[in-house]
Structure formats: structure tokens, C-alpha cells
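# Architecture and fold: a report
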Protein chains: 2
Amino acid sequence: MSADPFHQADVVVAAIRNAIEGNPQLAALHQPEFRGNEWEYVKDCLDTGWVSSAGKYVEAFEARLAEYTGSKYAVAVVNGTAALHICLLLAGVNAGDEVIVPSLTFVASANAVSYCGAIPHFADVSEVTLGIDVNKLEQYLSDIVINRDKQSFNRHTGRPIKAVVPMHSFGHPVDLEPIVQLCERFNLVLVEDAAESLGSWYKGRHTGTFGRLAALSFNGNKIVTTGGGGAILTQDESLARQAKHLTTTAKLPHAWNFDHDQIGYNYRMPNLNAALGYGQLERLPSFLNRKRELTARYFGEFAKVPGIRLFIEPEFAQSNYWLQVLMLDSPDIGLRNEILRRTNESGLMTRPVWTPMHKLKIYESSPSMPLPVTEELAKRIINIPSSPNCAGEE
Amino acid sequence: MSADPFHQADVVVAAIRNAIEGNPQLAALHQPEFRGNEWEYVKDCLDTGWVSSAGKYVEAFEARLAEYTGSKYAVAVVNGTAALHICLLLAGVNAGDEVIVPSLTFVASANAVSYCGAIPHFADVSEVTLGIDVNKLEQYLSDIVINRDKQSFNRHTGRPIKAVVPMHSFGHPVDLEPIVQLCERFNLVLVEDAAESLGSWYKGRHTGTFGRLAALSFNGNKIVTTGGGGAILTQDESLARQAKHLTTTAKLPHAWNFDHDQIGYNYRMPNLNAALGYGQLERLPSFLNRKRELTARYFGEFAKVPGIRLFIEPEFAQSNYWLQVLMLDSPDIGLRNEILRRTNESGLMTRPVWTPMHKLKIYESSPSMPLPVTEELAKRIINIPSSPNCAGEE
Ligand SMILES: Cc1ncc(COP(=O)(O)O)c(C=O)c1O
Ligand SMILES: Cc1ncc(COP(=O)(O)O)c(C=O)c1O
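Along each chain, the written sequence defines residue order, and numbers are assigned to residues from 1. Key to labels: chains lettered from A, ligands numbered from 1, both in the order written. The predicted nature of this model means local features are confined to residues of pLDDT at least 70 and side-chain atom pairs, given and counted, to a pLDDT of 80 or more, with totals for whole chains, interfaces and linings taken over all residues. Think of the side-chain values as coming from all heavy atoms in the structure, minus any hydrogens and water.

Looking at an unreviewed UniProt entry, one finds chain A named LegC family aminotransferase and attributed to Cohnella pontilimi. UniProt positions are given in the numbering used here, feature names are shortened, and annotations may be inferred rather than shown by experiment. As stated in UniProt under Cofactor (unreviewed entry), the record for chain A gives "pyridoxal 5'-phosphate". In its Sequence similarities (unreviewed entry) section, UniProt records this for chain A: "Belongs to the DegT/DnrJ/EryC1 family."

This is the structure in C-alpha cells:
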């Protein structure tokens, strides 16, 4: 690695500039693009007056999403956080339970656990996937778990451990098969946080279809956006029905009566937002192609730069490359910050990975395994401009 | 009252038909109308790419809403339920507290209390306002409250009583002044559920500006819609800042770091939805005028019908007449259902009031005062077509 962070930051700025096309003012981390039928569908909502809970786009969006991902069921909701909250409730997570979550994630993964009154229990991640390190987790659970009546309990806290929530960071799938096995061995429910991984496959099968439930996000910064939105994937008809019911105030169907049989939520996605998403899904193949093209360009540029490499999808995966990841060869917060400063000053949007959950005051007393890789990666990762338009127009 | 429900239902169908203009297929309870600048603003979001968390419409919508209501602050959120949830959290409602809520309300009012881990405590309503009967509530609290350290406790359950959430049913303001006094006397926080009362004034001041906090809704069936949406009103700068912070994942401002100092929520309103609402607010005066015109027509028609009357705003109020209310002179579930059946069969959308909260299984064990008026009104109220277009075009 270069001893001179100023020089190194210059090299990074030049490499990004070489890789991307067009105006560096447009070099956003991920900028949405509406060049297909989005306006037609959105305008249809305004023309017909169907912008809210009724209208055809919610169902159409759900059907298209299910078809694309190969999921039996998809339930559109108001955002990815709401999706995760409902996934966990339907996974049977109760107040006082523990749920395994990677420490290296966006805060919503841990917050959704808190909304259930449960406690996130943090797992370390692997440098190869940026997601949960399943070998470490298996070893760790073998040490701390007591099995009673086919349920896992944390021997230190006495609390049930109910579920594991792997997250596919920046669109790169975690190693799902061994996680599925681990969940079977320890009687844990697998809930995938697939907020970032629409368009990412693991061994030919779409992420989010391995868990009993999974959450997607269509926030403005995601590969496909509905303004704000999310979805729940499941292969289980009864869970799909319950997800729809719980996210629409748990109202029982009736011509006019208002009866609600559970404490439900207003987590439905409005028709207006679904119309936008319906148009966006048509464009997803183009977004994916251009992101891969951009990856190839970055890979070429950064091959020449010592001390830094571009993160490439694990061999079992086809990733959406939602956000491109630069990795410093070793942790160096000074170099990381210098690169962040110089790129952002140059109109190239970059950012570090999230502050690990166990470093936030709100979660510092949550249980966790040792988290050495998480702590290192927090000082090594930089996301760089990843918009499809960085690789040009279609 | 007529002894013949069939005949009575016929008379009601005819009266509604006489009052409304145009095609009875369009006689919705409340149908949104997009005939102003809504297209332009929504298209602007797609053209600029700002559909989500950034963009100018959220702030513009908040500013216009604050100006219209005369509220110092307005914070746009994802829906009215989320608004209520945050209002209650900011009112200091904790797990195990009790919150006074009318039993005659939409289930979200009670659910928002449950989301805080608190317990709704149901109050009866007045026939004059359809909202909390403040005289009864005062008498009741005098009986059950023990005051310790300037805090009210329920002597039967031992739990703190923290807040009162009056709801302005169908847009008709409750009698707010005595409720403000009652809250002072018992050290309760006043949180208004103003989900239905945008455009409704109490003694010249807009509903939602009397409480420490208030929640509005812009669901598709409300007088102004954002597809799905809500807002928090407050006159307190610090509460407004906290509301914005809590509804946007409690992220601390920083050029690139992800630090969150509270367990926050993803409750922000997307820019796309705010753009729609910004256009809708321009049209609110027209909606209000036409709803009053419709009220006058219904009033004329139903003056001739024995046994039934049109609900008219309390004398201290100027109501938005969001949903027009027919009231049977006395409770008669058979007549009510016959009218519901015949009107809906005739293409005139009608519905009863909500099942009272204490009648839902999920809330049947919640504490409550005697609720005789609520139980009667549940058998007397019918909402009838109330769309602005029922009174014609502008
Ligand atoms: C890993 C992860 N989980 C959950 C979420 C929550 O999704 P949303 O922002 O749609 O609520 C996001 C996206 O913001 C995310 O990146
Ligand atoms: C009285 C009342 N409170 C709360 C809400 C919740 O608002 P939203 O549907 O926007 O979540 C509504 C509207 O549905 C309502 O009528």
C-alpha cells in the first residue's frame, strides 16, 4: 500500500473517472432512472383516480416480482423495514427472543428485531461474501446453544434464539446452503434480508427464496425503486396470506363491517408507488447489464492500483452489483477517509460501509460473538459510483 | 321511525339520488380527484429522478400544510398510523402505560397505542360531536385516578395514564377547550387524532393544533391524498425536530458516516407522494366548498325523511364534512343493514361506523368506562356518498 494517502486518493479519483462515462456531477452512488413505461403507469393512476389501496398495480407488481424472482408469493409493502418487521413476526419472533443478525448491516436489520421486542445477537461476516460467516456462526452456536424441546436457547442469557437474518451486502449473496443447514440443525427460522439483492442469484436461484421469508427494499437508492417500498417473499401460501392480512390492518373481508382479528399494521404499498415499480421491473435487465459492464470497467482500472481491489461476486453467485465495493488491502481509516474526502470533493459520490451495529450506542449491550472481520471491513470498504448511467445509456 | 325497513331504505336511496349529481356509479364514499397540478408535480419527480428521500416536494408539502393549518411545524410521514405511533412515543407513552382513546374510532387509533407497548383505555363519545364526551371523561377520571408526583395512575390497574387521544370523527371537531383543561387537570398529554379533519376548525383554529402533537392522514379515502401518507403537527420546535429524526431512522447528520442515536423508524414520506399531496392541497378549498354544498343538498332531502337525520357540525365548529353521516333516530340494526344493503346494491356506496374498539376481540380486555352512547351510535350511523363530485364539478 502507498505510504502517501494523498497520492493514493488521487489515483482512486483518476481510476473512477476513467471507468465512468459522462458528467462526473452525475456520478451518484446509485441514481434511479425512469426511461421506460414508468410515467405511463403512474399517469394511469392519476387518470383513473386509483392512487391508494385499490387499483391494479399492486397486484401486477407483486405478480411480476414473483415471476422474476421465481418466488411463489410476493407481498408488496410500504418499505423494506416494514417487510423485515412482518417477516420476523411471521417467523414467530416474540418479545424477549434473540435473533442472529450480522453486525455489518444497515440499521434497519437490527431495528426490525427491536420492533418485535426481541434482541439482535450479532454475528461476524466473511471477507469473501461480506455477509454472515457461517463456519464461525456454526462453531459459535455449538458453544453457546442449549437445546430444549427442539428449541435453541442462549446458555448465557437464557433467552430463546429464534431466527437468523443473513443480509446480502450490496447485492452479493451470502453462502446460503450451509446457512440453510445450520438453521435446520439449530431449529432456527431463516429470514433473508434481501433488501439489496433484487437481481442476485445463488447457484441459479434468486436470493430471498431460500428463507422461510425474505424482505426486499425499493427505496430510492435501490436497484429498482417505488419511491419508498418493499416486499415480502415466501414460498408458503399461508404465510403469504398472513403477510397480506397483517400489513393491511388485519381487517376481515366483509361488504361493510370493520372487524380486525389481530393487531395489524398499515404497511400496504400505495397503488401509485406500485405503478412506478411495475415500470421499473421492466427495466431491471438493462440496469443489471450496465452494472456488470461498469464492474468490468472498474475491475480493469483498479487492477493497476496497488493496495486496493474491487470486490468481485463469490463464485457461487451472480450478483446485481447494486453498489460497487472498493476494498483496501488492510484497515487504514486515514487512507479511507482521505479517499472519501477527495472523491466526494471531486463530484464522485462515495461512502464507507455502515458503522457496525455493535458500535452503535443503541446496540452496544446486545450479545455478540467476537467480530474481528466486521471491525476490519468497517475500515476497508468504500462504495463508489454505481449508477447504471455510469456505464452509459442503454 | 317507519315500521317498514324496506320502504325506509327506498326512501333513503331516493333522497341520496336526488341530492347527488351525475352517474350513481360514481357515488363513492369519497373518491379522490386529480384535476389540478398533481400531474405536473408528479411528473417533475420522474423527470428529475427525485422520487424518494431527497427532492423538494416533501419540504414544500410540509410548508404548505403548516401554513394552511396554522401549525408551526408539520412533518410528513408514510401514513396516519405511523404519525400516531410517533406522536405517542414523543408524548412519552411507554410500555405498560394507559392511553385514553374513544372506543368509536378506526382501529389505527388503538393500534398505535399497542405499538408503544401501552394499553388503550376506552372512553365513551358524545352524540353531539361523535367524539370523546369530555364531561363523562372528567367524571370518570375523577373516580379512577390517583395522583402521585403529578402523574395520574389508574387506581384499578396501578398503571400510569399518560395521554388522551381525541379523534375528530368524519371531520367533526370534538369539544377541544374542555379537553385541554381536563388534560391540564390530570397531567395528561393531549394528542389529537386529526386523521380525518384536515380542513376542520374549532372556534376558528384548525384541528390538530390544540394538542402537544397531532396526526393527519392522506390515505386514498381522505379529503386530500398522497396515495398513502400522513403528517405530524406540533407547535414545539424540539418535538418537530425529534419527529423528523425518529421518522428517518434517527441517523445523525454527517457527510458519510452512518450513525444512529435512537431506535428509529423508516416512516418518511417519499417525494413522489409529497408531490401528489402538494398538488392536492391547492385543491382543498374546492373540495371543502363542494362538500358543504353537498351537505346542504342532503340536509334538504333528509329534512323530509322521518326517523333519520343528517349529522350537522357542532356549533363551535366548521367541519370539512369529510364523510357525510346519516343518523337513525334510534338504534335499529335491522333498518341500518337494510339501508346499507339497498344503497350499495343501487350503486350508492354506504357503510356503517367502525365496530367499536371494545367489541373487537383484540381489545375486549382493555379497560374502559361504560360505553352506552358508543354502543348506540354503532347501530345508528351510516356514512353516505361524500365525494366532491357528488356536488358536481367546480
Ligand atoms: C440491508 C438493508 N436492510 C433493510 C433496509 C430497509 O429498507 P427500506 O429503506 O426500504 O426500509 C435496507 C435499505 O435501506 C437495507 O439496505
Ligand atoms: C381516525 C383515524 N385514525 C388513524 C387513521 C390512520 O391513517 P392511515 O390510514 O393513513 O394510516 C385513519 C385513517 O385511515 C383514521 O380514520
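Secondary structure elements follow DSSP: runs of H or I no shorter than four residues count as helices, runs of E no shorter than two count as strands, and numbering proceeds from the N terminus. When its secondary structure is counted, chain A shows 11 helices and 16 strands. In terms of principal-axis extent, the alpha carbons of chain A reach across some 70 × 60 × 35 Å. Contact criterion: two residues are considered in contact whenever any of their non-hydrogen atoms come within 4.5 Å of each other. Counting only contacts in chain A whose residues sit at least 6 apart along the sequence, the fraction spanning at least 24 positions is 71%. Charged-residue counts in this description rest on Lys and Arg as positive and Asp and Glu as negative, His and the chain ends being excluded. The atom standing in for a charge is NZ when the residue is Lys, CZ when it is Arg, CG when it is Asp and CD when it is Glu. Put simply, chain A has 36 plus and 43 minus side-chain charges, and the middle of one group is 2 Å from the middle of the other.

All right, on to the UniProt feature "modified residue: N6-(pyridoxal phosphate)lysine" (unreviewed entry) in chain A then. Residue and element names in this part refer to chain A. The residues that UniProt annotates with the feature "modified residue: N6-(pyridoxal phosphate)lysine" (unreviewed entry) are Lys 222. The topology assignment puts Lys 222 in the loop between β10 (213–217) and β11 (230–234). Since its relative accessible area comes to 10%, Lys 222 is described here as buried. Excluding residues within four positions of it along the chain, Lys 222 makes contact with His 30, Ala 195, Glu 196, Ser 217 and Trp 322. Partly exposed residues are those whose accessible area sits between 20% and 50% of the maximum for their type, while under 20% is buried and over 50% is exposed, using a 1.4 Å probe and protein chains only.

The next thing to look at is the sheet that holds strand β9 (residues 205–206) of chain A. With antiparallel pairing, the three strands of this open sheet are ordered in space as β9-β8-β13 (chain A). Each edge of the open sheet carries a strand with a single partner, namely β9 and β13 (317–318) of chain A. DSSP bridges decide pairing: two strands pair if at least two such bridges lie between them.

For the rest of this paragraph, the subject is the relation of the copies chain A and chain B. For this overlay, a least-squares fit was computed on C-alpha atoms, restricted to residues scoring pLDDT of at least 70 in both copies. Least-squares fitting of chain A to chain B yields an RMSD of 0.0 Å, with the transformation described by 0.0 Å of translation along the axis and a rotation of 180 degrees. With respect to symmetry, the two chain copies, as superposed, fit the operation of a two-fold axis. A shared binding surface is used by both copies, with 96% of the interface residues of chain A retained as interface residues in chain B.

Our next topic: the packing of aromatic side chains. Each aromatic ring pair is summarised here by two numbers: the centre-to-centre distance and the angle between the ring planes. Side-chain rings of Phe, Tyr and Trp, where Trp is taken by its six-membered ring, are said to pair if the distance between their centres is within 6.5 Å; with planes under 30 degrees apart they count as stacked, over 60 as edge-to-face, and otherwise as tilted. For the coordinates displayed, the defined rule picks out 26 aromatic pairs over all chains. Aromatic side chains A:Tyr265 and B:Tyr115 sit 4.9 Å apart centroid to centroid with 10 degrees between the ring planes, which places their arrangement in the stacked category. Of this pair, A:Tyr265 sits in the loop between α8 (237–246) and α9 (271–303) while B:Tyr115 sits in helix α5 (residues 107–115), on two different chains. A residue is classified by how much of its surface remains accessible, and A:Tyr265, at 13% relative accessible area, is buried. With centroids separated by 4.9 Å and ring planes inclined at 10 degrees, the aromatic side chains of B:Phe170 and B:Trp354 adopt a geometry described as stacked. Here B:Phe170 is found in the loop between β6 (160–164) and α7 (176–186), whereas its partner B:Trp354 is found in the loop between β15 (351–352) and α11 (372–377), with 184 residues between them in sequence.

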